[in-house]
Amino acid sequence: MRTTCFRLTSFTLALTMMFSAFPMASAHAGMISTADVIAPMNAQHDRQRIFAVLERADVVAQLQHHGVSVADAHARVAALSDSEARAMADQLENMPAGASNVLGILFSVFIILLVTDLLGLTAVFPFTRRSR
Amino acid sequence: MTRTHLMRRAAAQGVSALLVAVLLVGCAASPALRLAADDARPPRVLVTGVPFHPQSEYQCGPAALAMSLGASGTVVTADELVPAVFLPGRQGSVQPEMMAAPRRYGRVSYPVGGSLEALLTEVDAGRPVVVLQNLGLKWFPVWHYAVVIGYDLNLGDIYLHSGTTESMRMALGRFDRTWARSSRWAMLTLPPGELPATTDARTAITAIHDYEQNAGPADAAPAWVAATERWPEDELAWFARGNAHYARNELLAARDAFSEAVRLQPELGPGWINLGYLFRELGETDKARAALTNAAAIAGPWQAVALAELERLF
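Predicted model, so just to flag it, every value in this text is computed and none were measured.

Caption draft 1: Representation of the overall build of chain A within the structure. Each helix and strand in chain A was counted, giving 6 helices and 0 strands. In chain A, the order of α-helices and β-strands from amino to carboxyl end is α-α-α-α-α-α. Counting every position in chain A, which comprises 132 residues, the buried fraction comes to 41%. Considering only residue pairs separated by 6 or more positions, chain A has 47% of its internal contacts joining residues 24 or more positions apart. Carbon and sulfur atoms form 65% of the exposed surface of chain A, whose accessible area is close to 7,700 Å².

Set out below in structure tokens:
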């Protein structure tokens, strides 16, 4: 229920953003922006624009699903480029999330070597060895 | 989290850590980095002025970004960056968001990875580089962001601010194996007027454009100026520079930039159209009409716009 509500809000927001942020070519009067020229989706591809906006709404919902607050999620998605937003929408679950807790790993290495020492497989820690 | 749960997790981590240890030990004898014989870089570089932010728990992403941003002159703590890049549900940070967050702090993010040579060249140019490593194995990944701050080719070592360790020393071979598992992903955060040492025009223009979409063309102007200085033959960089000058109300500079864009690429319709608008604003009606007429002669998506504007304005 809550997610549906979020999605509906995102969708409405997305539509608002779409019509405010993307002037259509037919209404073009004034300087042509760099985005109009660089972006792969130019004025002729309104459908791609709609998809792009929906993708962003989807990323907002995914960020919230992963515990990001509504306000933060919107600010974060706003900073993404179109291709980054697309990658997030398609791939977020499979993306590597840099996270390592290095101390935890070192501790694990210590425990394992301790165990292998005690089993006689390794000889790292002198205190695990009795006189032969 | 219960104690058994913790112990089980520790045991699971332990097994993987053993495998990691075995693998790394097993690889320790493999040859170190071989650079080209004509490689002229200094054998030892340590970038100074990179603040160290130790990571807390899983937050190596925010910590690495705080260090990179700090070195570029933006003072921000790792804690402040947590709401900008950390994903609680994934207990980590993903690459697109690492690239996106610096834009909110007035910095352009550039991808610079791909090879150890490129990485060392950036370090040599005085830039700390954020890298994504997999400290574990392909099938048991331990993803980790760190910041490369120096290297010593004579010792065969690389220096990183990593995790809770300031200036950690790691053998280049070992570093490269952990880095290769992220397809050698790396990034820089730079003020808009600076460019990476190793980037190509397409990559830089995309990076600056992504910044501009967030910060606006006026703030991106120094980056476009730098891009046209580095790649003076690139008409898109000149076109973007024209728009950035225009956003700052620097009309003459904008006119010159658009003129250069269409001189380099006479088929650039939007360049002619914007040049036409500028001439008109500057009161040079004849030149304005000529520019729009040029645009109207170029087949393509902008032809209709040029024709409509000719009709409307003259």
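Still to come is the rest of the account.
Caption draft 2: Region of interest: the pattern of salt bridges. Within the structure shown, the criterion is met by 17 salt bridges over all chains. Note that Glu260(B) is salt-bridged to Arg263(B), the shortest N-O span being 2.9 Å. Taken together, the residues Glu260(B) and Arg263(B), both in helix H10 (residues 251-264) and 3 residues apart, mark about one turn of the helix. What you see here is one network of salt bridges that share partners, running through Glu84(A), Arg103(B) and Asp210(B).

Caption draft 3: Structural context of the interface of chain A and chain B. Across the contact, 44 residues belong to chain A and 60 residues belong to chain B. The junction of chain A with chain B conceals about 4,300 Å² of combined surface from both sides, 66% of it contributed by carbon and sulfur atoms. On the chain A side of the contact with chain B, Met31(A), Ile32(A) and Arg76(A) bury the most area, a combined 17% of that side's loss. At the boundary of chain A and chain B, one finds 2 salt bridges. Summed over the shared surface of chain A and chain B, the result is 15 residue pairs in polar contact (both at pLDDT 80 or more). Elements supplying a minimum of two residues to the side of chain A that touches chain B: helix H2 (34-38), helix H4 (70-79), helix H5 (82-91) and helix H6 (102-118) of chain A.

Caption draft 4: The packing of helix H9 (residues 235-247) of chain B against H10(B), seen in detail. Residues and elements named next belong to chain B. Relative orientation of the contacting elements H9 and H10 amounts to 165°, with a least axis distance of 8 Å. With respect to their mutual orientation, H9 and H10 come out roughly antiparallel. Along this stretch, H9 crosses H10, giving a crossing that reads as left-handed. Between H9 and H10, the residues in contact are Glu 235, Trp 238, Phe 239, Arg 241, Gly 242, Asn 243, His 245 and Tyr 246 and Leu 251, Ala 253, Ala 254, Ala 257, Phe 258, Glu 260, Ala 261 and Leu 264, respectively. The residue inventory of the contact of H9 with H10, partitioned by class, reads 10 nonpolar, 3 polar and 3 charged.

Caption draft 5: A nonpolar patch on the surface, seen in detail. A surface patch of nonpolar side chains, about 720 Å² in accessible area, is lined by Phe107(A), Phe110(A), Ile111(A), Val115(A), Leu119(A), Leu121(A) and Phe127(A). On the secondary structure map, Val115(A) appears in helix H6.

Caption draft 6: Focus on helix H12 (residues 285-296) of chain B. Residues and elements named next belong to chain B. A rise of 1.5 Å per residue sets the reference length of H12, with its 12 residues, at 16 Å; its end C-alpha atoms lie 16 Å apart and thus fit the reference within 8%. If you check which residues of H12 are buried, you get Ala 288, Ala 291, Leu 292, Ala 295 and Ala 296. Buried residues in H12, looked at end-on, bunch into an arc of 140°, giving them a common side. For H12, the secondary structure elements touched by its buried residues are helix H11 (269-281) and helix H13 (303-313).

Caption draft 7: Geometry of the pairing of strand S7 (residues 186-190) of chain B. Residues and elements named next belong to chain B. When you tally the buried positions in S7, you get 5 out of 5 residues, the bulk of the element. Residues Ala 186, Leu 188 and Leu 190 point to one face of S7 and Met 187 and Thr 189 to the other, with burial holding for every one of them. In this sheet, S7 lies alongside strand S2 (residues 108-111) in antiparallel orientation, the contact comprising 4 bridges. Along S7, the bridge assignment pairs Pro 111 with Met 187.

Caption draft 8: Structural view of the confidence of the model for chain A. Residues and elements named next belong to chain A. With 63% of its residues at a pLDDT of 70 or more, chain A has an overall mean of 73. Looking over chain A, one finds the lowest element-wise mean pLDDT in helix H1 (residues 2-21), namely 48, and the highest in H4, namely 95. With pLDDT under 50 throughout, residues 13-27 is counted as low confidence; its partners more than four residues away or in other chains account for 13 contacts.

Caption draft 9: Summary view of the packing of helix H2 (residues 60-71) of chain B against helix H3 (residues 78-85) of chain B. All names here are of chain B. In the contact formed by H2 and H3, the axes pass within 8 Å of each other and the chain directions differ by 120°. Every pair of crossing elements has a handedness; the one defined by H2 and H3 is right-handed. Along the contact surface, H2 presents Gly 61, Pro 62, Ala 63, Leu 65, Ala 66 and Leu 69, while H3 presents Ala 78, Leu 81, Val 82 and Val 85. For the contact of H2 with H3, the class distribution of residues is 9 nonpolar, 1 polar and no charged.

Caption draft 10: Region of the structure containing H11(B). Residue and element names in this part refer to chain B. Between its terminal C-alpha atoms H11 stretches 19 Å, which fits the 18 Å expected from 13 residues at 1.5 Å a residue. Counting buried positions along H11 gives 11 out of 13 residues, so the element sits mostly inside the fold. Every buried residue of H11 is listed here: Gly 269, Pro 270, Gly 271, Trp 272, Ile 273, Asn 274, Leu 275, Gly 276, Tyr 277, Leu 278 and Phe 279.

Caption draft 11: Structural detail: the side chain of His245(B). Within the fold, His245(B) resides in helix H9. Not counting residues up to four positions away in its chain, the partners in contact with His245(B) are Val225(B), Glu250(B), Ala253(B), Ala254(B) and Ala257(B).

Caption draft 12: Here's a closer look at the nonpolar core. Of all hydrophobic cores here, the largest spans 67 residues; its most connected members are Tyr110(B), Leu119(B), Val129(B), Val131(B), Val148(B), Ile158(B) and Phe175(B). Formed by 28 residues, the second largest nonpolar core is a distinct cluster that contains Ile32(A), Phe239(B), Ala254(B) and Ala288(B).

Caption draft 13: Fine view of the packing of aromatic side chains. Per the stated rule, a full pass over the model turns up 3 aromatic pairs over all chains. The ring of Trp231(B) has Arg230(B) sitting right over it, with the charged end atom 5.3 Å from the ring centre.

Caption draft 14: How the structure looks around the side chain of Asp234(B). Structurally, Asp234(B) is set in the loop between helix H8 (217-230) and H9. In contact with Asp234(B), not counting residues within four places along its chain, are Ala201(B), Arg202(B), Ile205(B) and Leu264(B).

Caption draft 15: Main features of the environment of Phe51(A). Among the secondary structure elements, Phe51(A) is positioned in helix H3 (residues 46-65). For Phe51(A) and Arg86(A), which are 35 residues apart along the polypeptide, the C-alpha to C-alpha distance reads 9.3 Å.

Procedures and definitions
Residues numbered from 1 in each chain as written. Chains lettered and ligands numbered in written order. Predicted model: local features only at pLDDT ≥ 70, side-chain atom pairs only at ≥ 80, totals over all residues. Heavy atoms only, no water. Helix = DSSP H or I, 4+ residues; strand = E, 2+ residues; numbered from the N terminus. Buried < 20%, exposed > 50% of the residue type's maximum accessible area, 1.4 Å probe, protein only. Contact = heavy atoms within 4.5 Å. Areas by Shrake-Rupley, 256 points an atom, 1.4 Å probe, with all protein chains shown as cover. Salt bridge = Lys/Arg side-chain N within 4 Å of Asp/Glu carboxyl O. Buried area = accessible area lost by both parts, 1.4 Å probe. Polar contact = N/O pair within 3.5 Å; in protein donor to acceptor, adjacent residues only side chain to side chain. Axes fitted to C-alpha atoms, helices over the stretch in contact; angles between N-to-C directions. Parallel < 35°, antiparallel > 145°, perpendicular 65-115°, else oblique. Left-handed = near helix turned anticlockwise from the far one by under 90°. Nonpolar A, V, L, I, M, F, W, Y, C, P; charged D, E, K, R; others polar. Patch = residues over 30% accessible without salt bridge, like charges linked within 9 Å, V, L, I, M, F, W, Y side chains within 5 Å. Expected span 1.5 Å × (residues − 1). Arc of directions from axis to C-beta. Pairing = 2+ DSSP bridges. pLDDT = per-residue confidence, 0-100. Core = buried A, V, L, I, M, F, W, Y, C linked by side-chain atoms within 4.5 Å. Phe/Tyr/Trp six-rings, centres within 6.5 Å; stacked < 30°, edge-to-face > 60°. Lys NZ or Arg CZ within 6 Å of the ring centre and 35° of its normal.

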